[in-house]
Amino acid sequence: MSRLWRWLIPLAVLPVLALLAYGFRANPRDIPSPLVGRPAPAFALATLDGAPLSLEAHRGKVVVVNFWASWCYPACYEEAPVLEQSWRAYRDRGVVVVGVDIQDKREAAEKFVRDFGLTFPNVQDVKGTVSVDYGVYGVPETFFVDRQGRIRVKHVGAVTDDVFRATVDRLLAEAPKP
Amino acid sequence: MSRARLRRLAAPVLVLLVGVSAFAQPPASPVSEDAVHEVAAQLRCVVCQSLSVADSPSEMASQMRGIIRERLAAGERPAEVIQYFVDRYGEWILLAPRRHGFNWLVWLFPLVAVATGFTLVAVIVRRWTRRRREGGPTPVNVDPAMSERIRREMERGA
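Residues numbered from 1 in each chain as written. Chains lettered and ligands numbered in written order. Predicted model: local features only at pLDDT ≥ 70, side-chain atom pairs only at ≥ 80, totals over all residues. Heavy atoms only, no water.

Caption draft 1: Main features of the pattern of salt bridges. In the structure shown here, the tally under the stated rule is 18 salt bridges over all chains. Among the ionic pairs, Arg93 of chain A bridges to Asp169 of chain A, the shortest N-O distance being 4.0 Å. Of this pair, Arg93 of chain A sits in the loop between helix H3 (75–90) and strand S4 (95–102) while Asp169 of chain A is found in helix H6 (residues 161–173), placing the two residues 76 residues apart along the sequence. Arg151 of chain B is paired through a salt bridge with Glu148 of chain B; the nearest N and O atoms lie 2.6 Å apart. One end of the pair is Arg151 of chain B and the other is Glu148 of chain B, both in helix H6 (residues 144–156) and 3 residues apart, which spans about a single turn. (Salt bridge = Lys/Arg side-chain N within 4 Å of Asp/Glu carboxyl O. Helix = DSSP H or I, 4+ residues; strand = E, 2+ residues; numbered from the N terminus.)

Next up, the structure:
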């Protein structure tokens, strides 16, 4: 075998190693959503209190759509107080928080809302159509919708105060709907 | 009751009946489980590891099968239903990557690897067999004097 071949065969391992290094370092849960930058899918569902709620009605505001479930411990339990506080702090500035309860029992969801004293509207997605429309993998996932009704940020995992403030402040700073 | 009045009453009743029957009856074109399964088998269950929507017992997968059934019943073709999921989850949702661009690597690399392996084995086997055919064991270079001495000692016996 020529000297060239003696070197080329071990070198052929390098691209394979590079591919594996890339694959194993990437977070398999970190899948980019094709929905970022696109219009937020419309939905109209009844809240847990029985009032009708449609996303369209909040066009022109910054809408935070949060997918949760009462069995989603601990992440949903961590973010519920954060969402409630942020909603109280921002509701007078053209920001709406909408909770979407998915894959859940109604009683358990109602207890969750009571326990955390949530005052922002929460709807239940019984058939899973809204979850699939938003390409939801699991809970919690949160979508920040700008005043034009476009999804701008998808946040996977519990929303922290920092994430909420930074994202909502940025969307509020943008020019309002012409 | 006059006929005109009867007709005026009949209209809302008819609307009500049609409305109720629309809820009570299954969709106009019933979708076979096979058709739902065929689409579901191509989609990744988003909350599972390595399971299709067809095979997963999770609630999410069950809801997805419901959505597939509804969309097929509404007259969508299977390819359109799959595209609906791809638009929302990206191509990640497909169990088999589509054959274009970078994805070809996934499809062709195993074939290329197997073909390379077979070629390598064939080359090596041919090299070995050729050497053997070319005259038994490899000749060893022993100088004539030495070989003469070995022969003599062998004949003499140990």
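Caption draft 2: Summary view of the environment of Thr142 of chain A. Residue and element names in this part refer to chain A. Structurally, Thr142 can be placed in strand S6 (residues 141–145). The sequence separation of Thr142 and Val153 amounts to 11 residues, and the corresponding C-alpha distance is 8.1 Å. At 3.0 Å, the side chain of Thr142 and the side chain of Asn66 are in polar contact. (Polar contact = N/O pair within 3.5 Å; in protein donor to acceptor, adjacent residues only side chain to side chain.)

Caption draft 3: View of the nonpolar core. Ranked by internal contacts, the top residues of the largest apolar core, which has 47 residues, are Phe43, Val65, Phe67, Val100, Tyr134, Phe164 and Val168 of chain A. Where this core is concerned, the elements lending two or more residues are strand S3 (62–68), H3, S4, helix H4 (106–116), S6, strand S7 (151–156) and H6 of chain A. Discounting chain neighbours no more than four positions away, the residues touching Val168 of chain A are Val62, Val64, Tyr90, Val95 and Phe144 of chain A. Val39, Val53, Ile67 and Tyr89 of chain B belong to the second largest nonpolar core, which has 28 residues in total. (Core = buried A, V, L, I, M, F, W, Y, C linked by side-chain atoms within 4.5 Å. Buried < 20%, exposed > 50% of the residue type's maximum accessible area, 1.4 Å probe, protein only. Contact = heavy atoms within 4.5 Å.)

Caption draft 4: Quick look at the sheet that holds S6 of chain A. All names here are of chain A. Spatial strand order, S5-S4-S3-S6-S7: 5 strands in an open sheet with mixed pairing. On the outer flanks of this sheet lie strand S5 (122–125) and S7, each paired with one strand and no other. Averaged over all neighbouring strand pairs, the angle between strand axes comes to 20°, with direction disregarded. Two elements, S4 and S5, share 4 bridges in a ladder whose sense is parallel. By the bridge assignment, Ile102 is partnered in S5 with Asp125. Lying over the sheet, H4 contacts S3, S4 and S5, oriented at roughly 125° with respect to S3. (Pairing = 2+ DSSP bridges. Axes fitted to C-alpha atoms, helices over the stretch in contact; angles between N-to-C directions.)

Caption draft 5: Up close: the interface of chain A and chain B. Taken together, the contact between chain A and chain B spans 20 residues of the former and 18 residues of the latter. Between chain A and chain B lies a buried interface of about 1600 Å² when both sides are counted; carbon and sulfur atoms form 56% of it. For the chain A face of the interface with chain B, the top three residues by lost area are Gln103, Val132 and Tyr137 of chain A, together amounting to 38%. In this structure, the salt-bridge partner of Lys127 of chain A is Glu70 of chain B, at a minimum N-O distance of 2.6 Å. Linking chain A to chain B there are 7 residue pairs in polar contact (both at pLDDT 80 or more). If one sorts the elements of the side of chain A that touches chain B by residue count, helix H5 (residues 129–133) of chain A sits on top with 4 residues. Here the residues of the side of chain A that touches chain B are counted per class, giving 9 nonpolar, 6 polar and 5 charged. (Buried area = accessible area lost by both parts, 1.4 Å probe. Nonpolar A, V, L, I, M, F, W, Y, C, P; charged D, E, K, R; others polar.)

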